[in-house]
Amino acid sequence: NELFTNFKQNKNFEFVSFTFEDSKEIDLIKKKYNIQYNVFSISRDECYRLNNNNGFPTSIILDSAGTVKYIHSGDQLDKQEIKKYFSAKVYPLLLKEL
């Protein structure tokens, strides 16, 4: 949510999430975690294809031409570690691409 909130006003930024969960489960998760961005249900096979059969979650950053600029699978569960990682790796890349 923080990443989405920080960049949602930028016309060159789009944040989406894909999951193999059904729409009912997506609604429950969005409500539980107050998720503000779009979450789309796709097949389990497609989820694994998108992340090259690696772990979840997978973060992928594309430029405006659709070229993959960054991909990272799996993540820390500790909130402080996640914030440090995003501050050091993801935010600078997003700022460069936007």
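None of the values given here were measured: they were computed from a predicted structure.

J.: Quick question: what am I supposed to make of a nonpolar patch on the surface here?
T.: Together, Ile60, Leu62, Val68 and Ile71 make up a nonpolar patch on the protein surface, roughly 330 Å² of accessible area in all. Of all the elements in the fold, those that place two or more residues in the nonpolar patch are strand 3 (58-62) and strand 4 (68-73). By the element assignment, Val68 lies in strand 4.

J.: Looking at this structure, I do not really get the packing of aromatic side chains. What am I missing?
T.: Each pair of aromatic rings is reported with the distance of its centres and the angle of its planes. In this structure the tally under the stated criterion is ten aromatic pairs. Judged by centre distance (6.4 Å) and plane angle (65°), the ring pair of Phe4 and Phe15 falls under edge-to-face. You can see Phe4 sitting in helix 1 (residues 2-7) and its partner Phe15 sitting in the loop between helix 1 and strand 1 (16-19), a full eleven residues away along the chain. Judged by its relative accessible area of 16%, Phe4 falls in the buried class.

The rules behind these values
- Residues numbered from 1 in each chain as written.
- Predicted model: local features only at pLDDT ≥ 70, side-chain atom pairs only at ≥ 80, totals over all residues.
- Heavy atoms only, no water.
- Patch = residues over 30% accessible without salt bridge, like charges linked within 9 Å, V, L, I, M, F, W, Y side chains within 5 Å.
- Areas by Shrake-Rupley, 256 points an atom, 1.4 Å probe, with all protein chains shown as cover.
- Salt bridge = Lys/Arg side-chain N within 4 Å of Asp/Glu carboxyl O.
- Helix = DSSP H or I, 4+ residues; strand = E, 2+ residues; numbered from the N terminus.
- Phe/Tyr/Trp six-rings, centres within 6.5 Å; stacked < 30°, edge-to-face > 60°.
- Buried < 20%, exposed > 50% of the residue type's maximum accessible area, 1.4 Å probe, protein only.

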